Amino acid sequence: MFDLSDDQQAIVDMVAQFAAEELAPHSAEWDETKHFPLDVLRAAGELGMGGIYAAEEHGGSGMSRTDAVLIFEQLAKADPTIAAYISIHNMVVWMIDSFGNDEQRAAWVPSLASMETLGSYCLTEPGAGSDAAALATKAVRDGDEYVLNGTKSFISGAGASGLYIVMARTADTGSKGITAIVVPEGVPGLSFGANEKKMGWNAQPTRQVMFDDVRVPVSNRLGEEGSGFGIAMKGLNGGRVNMGACSLGGGQAAFEKTVTHLKEREAFGTPLINQQALLFRLADMETELETARTMLWRAADSLDRGKPDAVKLCAMAKRVATDAGFNVANEAIQLHGGYGYLADYGLEKIMRDLRVHQILEGTNEIMRLIIEGWPPHERG
Amino acid sequence: MKIVVLLKQVPDTADERKLDLDTGLQDRDASDLVIDEINERALELALRSKDADKSTEVVVLSMGPDSASTSVRKALSIGADAGVHVVDDGLAGADAARTAAVLAAALKNVGFDVVIAGNEATDGRGGVVPAMIAEHLSLPLLGNLVSAELSADGVRAERQVSAGTQSISAPLPALLTVTESFDEARFPNFKGILSAKKKKITVLTLADLDVPAPSGRTTMVNTTERPARAAGVKLTDDGTSATALVEFLASNRLI
């Protein structure tokens, strides 16, 4: 259960090499210049990373959630921001592949899986974050069309994506009145806010998405009217383990840099690694990461098997892994001393990038509510 | 068109490479074993021909111990259609002449229109095996290329020589050797990795091949371990260091 198969090892090796050669050398510059590397995302798409767990029928890679966790850890070792965007894109592809009908899947999945078209996921609104069921963006049926009005916020990839999955209200019945609608770029009335200034995640754009009488055909609806909230929550289960894996990869990179630093840096006449107090800190960091990895693998395995405890395990794994990644990155800065605070050493970027993983895909406070069986959306 | 790419498994140049001083052979346990990078470039050239014409068949051929099968499998994940692995205890420590004779026999067995090899391997660095194979099979040898275009009509290629660039061509069948001017291999994609196991690797032994017994072989007379790196020369600038530096560079034939 805890050994990788030959195929998984080959996949990890390939993704690690791709990340080391195509992401790591540019990661600091992309962060500084807020560059969203569309060409590198396409290259990732050609390797199968655009539809990791979408079915092969329409161009997906047909792999498991466990494979995805392995892949996102490796990508995030080089760049948590790009890894995290690829995770969000995968959620979009999976939603269309899982809840779309045959026409929708055939129309949208191939170019998404190859990442020639990018996807964005529009759930959060200025007035509806953790309480997603309170969303107010409306979709009103008008003949064969839906007319959308409202604003979505914190949307990753907005402005660069070709397809937006929008969770919109089709009835005033709480979580049961939400519908998933696919909006393509370029339709009249669709516009974007400014690229948000953020603490981290600078290599992917985050904007508001505004809908002003946006008309799309009813055939762009995923599933039935009112099924959107269920789709949104199912998507987030996988999103949570992926984001946990992104934190794990970032934390693992910070840990490895720290081990190297402590072996090389001398103080008081000996390399720092010989200070037992620091060795204890390293042991705690590595243990925290391995705990996270173990939880992530277990949660992903539960998702793969469709077990009833998957929701709870994904929430636990997300909480544990995103806290572990951030704590380890923060500790790594401390153990690097002043150098940890310098951008050239790459540690402060990891910490800035990982901070938001404790907030998104459901905050770590919401994870605790889910673990103890208080899903706020059931208030109806 | 059928292209056979010759593939050698070598110690990773990123690791420390060691000779077994008793046998004069490389110590295979000392470092990771990988496809020689130059062979990956040869494979990439073959796969680009396949990209342009899907009917092209790309086969990788490797002679080496059991461990070489992992490199053949890797080539299959990158995109080769099939593999051929020549493995036989009688080939341990085979010299260049023997290797060329065996590979030539294997190529006859497999069949081909084009053979692509690297110009030299990073371990042995003999750089003679492809030419010997061409001789065995009476093939035109287009060696040390910097670019090449393959088509059903033949090969057009360029070779860099000290006096300039030669444009050369040959009808098929032909044997090419590529240099580092060629592009690195593509990454294997997920589908490639997951389908590599389903592709066929044919294992051949000496008994399967019509190879004449060798009339002799190179013998290793002596092996010496590379000396540990000595400290470099330090020049202290007392006003004459420029002259000393020029003398140092000139005496070491660096300028």
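Here the structure is a predicted model, which means the values were calculated and not measured. (Residues numbered from 1 in each chain as written. Chains lettered and ligands numbered in written order. Predicted model: local features only at pLDDT ≥ 70, side-chain atom pairs only at ≥ 80, totals over all residues. Heavy atoms only, no water.)

**Remarks on the packing of aromatic side chains**
All names here are of chain A. In plain terms, the rule: Classification of ring pairs uses Phe, Tyr and Trp, with its six-membered ring standing for Trp, and accepts pairs whose centres are within 6.5 Å; under 30 degrees between planes counts as stacked, over 60 as edge-to-face, and the remaining range as tilted. The cut-offs for exposure are 20% and 50% of the maximum accessible area for each residue type, with area from a 1.4 Å probe on protein chains only; residues under the lower value are buried, those over the upper are exposed, and the others partly exposed. Consider the ring centre and the ring normal. A charge sits over the ring if Lys NZ or Arg CZ is within 6 Å of that centre and within 35 degrees of that normal.
Enumeration over the complete set of coordinates arrives at five aromatic pairs over all chains. Considering the side-chain rings of Trp-94 and Phe-99, the 5.6 Å spacing of their centres and the 90° angle between planes classify their relative orientation as edge-to-face. Among the residues examined, Phe-99 registers a relative accessible area of 24% and is labelled partly exposed. Seen from their ring centres, Tyr-339 and Tyr-345 are 5.1 Å apart, and the 45° between their planes marks the pair as tilted. Looking at Tyr-339, the relative accessible area reads 32%, which means it is partly exposed. It is Arg-65 that lies over the ring of Tyr-53; its NZ or CZ is 3.8 Å from the centre. The ring of Phe-326 carries Arg-355 above its face, with NZ or CZ at 5.6 Å from the centroid.

**A short note on the state of the cysteines**
Residues and elements named next belong to chain A. Operational definition: Whenever a pair of cysteine sulfur atoms sits within 2.5 Å, that pair is classed as a disulfide.
If you walk through the whole model with that rule in mind, you get zero disulfides over all chains. In this structure Cys-122 is not part of a disulfide, and its nearest cysteine sulfur, from Cys-246, lies 19 Å away. The structure places no disulfide on Cys-246, whose sulfur is separated from the nearest cysteine sulfur, that of Cys-314, by 14 Å. Under the relative-accessibility criterion, Cys-246 is labelled buried at 0%.

**Here we look at helix 2 (residues 68-78) of chain B**
What counts, and what does not: In DSSP terms, a helix is any run of H or I states spanning at least four residues, a strand is any run of E spanning at least two, and both are numbered starting from the N terminus.
Among the residues making up helix 2 of chain B, those that are buried are Ala68(B), Ser71(B), Val72(B), Ala75(B), Leu76(B), Ser77(B) and Ile78(B). Within two residues after helix 2 of chain B, Gly79(B) carries a phi angle of roughly 145°, on the positive side.

**Some remarks on the domain arrangement of chain A**
Note on interface size: it is often stated as the accessible area lost on association of the parts. All names here are of chain A. Note the following rule: Annotation comment: domain bounds sourced from an automatic or database domain assignment. Contacts are assigned to residue pairs with any non-hydrogen atoms lying within 4.5 Å of each other. The term buried area refers to how much accessible surface (probe radius 1.4 Å) is lost by two components on association, counted for both of them together. For this analysis, a salt bridge means a side-chain nitrogen from Lys or Arg found within 4 Å of a carboxyl oxygen belonging to Asp or Glu.
Each domain of chain A was delimited in the assignment, giving domain 1 (6-113), domain 2 (119-225) and domain 3 (229-378). Relative to domain 3, the C-alpha centre of domain 2 lies at a distance of 29 Å. Listed as interface residues are 14 residues of domain 2 and, on the opposing side, 15 residues of domain 3. For the pair domain 2 and domain 3, the summed buried area comes to about 1200 Å², and 70% of that belongs to carbon and sulfur atoms. Of all residues in domain 2, the largest losses of buried area upon contact with domain 3 belong to Ser-130, Met-199 and Trp-201, amounting jointly to 46% of the total for that side. The interface formed by domain 2 and domain 3 contains zero salt bridges.

**Observations concerning the sheet that holds strand 6 (residues 114-118) of chain B**
Sheet strands line up and pair through hydrogen bonds in the backbone, either parallel or antiparallel. Residues and elements named next belong to chain B. Selection rule: Any two strands are treated as partners once DSSP identifies two or more bridges connecting them. For helices, the fitted axis covers only the stretch in contact; all axes are lines through C-alpha atoms, and the angles between them, taken along N-to-C directions, range from 0 to 180 degrees.
Across the sheet, nine strands lie side by side as 9-8-7-10-6-1-4-5-11; this open sheet has mixed pairing. Two strands in the sheet have a free side with no partner beyond their single neighbour: strand 9 (164-170) and strand 11 (201-204). Averaged over neighbouring strand pairs, the angle between their axes works out to 30° when direction is ignored. Contacts from helix 2 reach strand 4 (57-63), strand 5 (82-86) and strand 11, with the element oriented near 165° to strand 5.

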